[in-house]
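# A closer look at the structure
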Amino acid sequence: MHNDIEKILVSEAEIDTICKEMGKQLSNDYKDSTPIFLGLLKGCVPFMAALTKHVTIYMEQLYMAVSSYHGGIKSSGDVKIKYDLEVSVKGRDIIIVEDIVDTGATLKTISALLYHRGAKSVKVATLLDKPAGRLVEFTADYVGKVIPKEFVVGFGLDYNELYRNLPYVGVLKPSVYQK
Ligand code: PRP
């Protein structure tokens with residue numbers, strides 16, 4: 001599997017540092033609240049685990065399953081909710097935990113939905129931000145690392161459901177998806 005990676009963009013050590021700093025920042029910013037950390041499955045899983053280890057305040061962890069890629073390397077822009085929340089978010093502070101903001105379609109749609117359901121605040125914490133990929137206007141509140149417009153996999157990010165288990169984020173060799 002590692003042979004399919006052209007180069008490493010965010011190393012394990014760098015991810016660790018990002019999670020420590022972001023966890024500290026979130027703990028400080030939400031010290032007067034009991035926020036909901038809302039992970040968007042499936043890509044959020046490693047980041048949620050690594051980040052929340054460094055959160056020192058009371059918080060809840062919830063998940064939704066949302067998908068916009070449906071396989072392949074391009075977002076369809078069509079955001080589908082496959083598994084929804086089973087509790088109310090009315091009056092709650094929410095931090096959406098994401099592996100990547102690319103076109104912005106997923107986060108824009110889900111943020112609006114949560115506000116519509118009565119959330120008090122909705123912010124986004126993402127490991128990666130790919131501003132060059134934006135198709136809709138969207139700014140994340142907590143960003144681990146800004147990356148160039150390359151197709152990346154690892155640490156939750158997949159290509160046709162593979163590579164999520166890589167401990168780093170890397171660029172996939174084009175030969176892998178041009179097969
Ligand atoms: C990826 C990623 C984000 C979204 C970002 O999820 O985890 O949720 O796309 O892309 P966008 O900014 O272009 O909307 P995907 O739809 O691939 O589902 P997954 O997490 O199950 O892999």
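Please refer to the structure placed before this passage.
Residues numbered from 1 in each chain as written. Predicted model: local features only at pLDDT ≥ 70, side-chain atom pairs only at ≥ 80, totals over all residues. Heavy atoms only, no water.

## Describing the overall build of the protein chain
- In terms of regular secondary structure, the protein chain is built from four helices and nine strands.
- What you see in the protein chain, going N to C, is helices and strands ordered as β-α-β-α-β-β-β-α-β-β-β-β-α.
- In terms of C-alpha radius of gyration, the protein chain reaches 16 Å, essentially the compact-globule figure of 16 Å for 179 residues.
- Along the first, second and third principal axes, the C-alpha atoms of the protein chain reach 50 × 35 × 25 Å.
- Looking at the protein chain as a whole, 48% of its 179 residues are labelled buried. (Helix = DSSP H or I, 4+ residues; strand = E, 2+ residues; numbered from the N terminus. Rg over C-alpha atoms; globule rule 2.2 N^0.38 Å. Buried < 20%, exposed > 50% of the residue type's maximum accessible area, 1.4 Å probe, protein only.)

## Some words on the pattern of salt bridges
- Going through the model one piece at a time under the given rule, you end up with eleven salt bridges.
- For Glu 60, the salt bridge identified is with Arg 92, shortest N-O distance 2.9 Å. Taken together, the residues span a long stretch of sequence, with Glu 60 in strand 3 (residues 60-67) and Arg 92 in the loop between strand 4 (80-83) and strand 5 (93-101) at a distance of 32 residues.
- By relative accessible area, which is 32% here, Glu 60 ends up partly exposed.
- Taking the shortest distance from any N to any O, the salt bridge between Asp 102 and Lys 130 comes out at 3.8 Å. Of this pair, Asp 102 sits in the loop between strand 5 and helix 3 (105-116) while Lys 130 sits in the loop between strand 6 (121-129) and strand 7 (142-146); the two residues are 28 residues apart in sequence, bridging distant segments of the chain.
- A residue is classified by how much of its surface remains accessible, and Asp 102, at 13% relative accessible area, is buried.
- Here the salt bridges share partners, and the residues they tie into one network are Lys 42, Asp 158, Glu 161 and Arg 164. (Salt bridge = Lys/Arg side-chain N within 4 Å of Asp/Glu carboxyl O.)

## Describing the sheet that holds strand 9 (residues 169-172)
- As summarised here, the arrangement of the three strands in space is 1-9-8, forming an open sheet in which the pairing is antiparallel. A single partner strand is all that each edge strand has here, and the edge strands are strand 1 (5-10) and strand 8 (152-153).
- Relative to strand 9, strand 8 is paired through two bridges, and the arrangement is antiparallel. From the neighbouring strand, Val 153 faces strand 9, where its bridge partner is Gly 170. (Pairing = 2+ DSSP bridges.)

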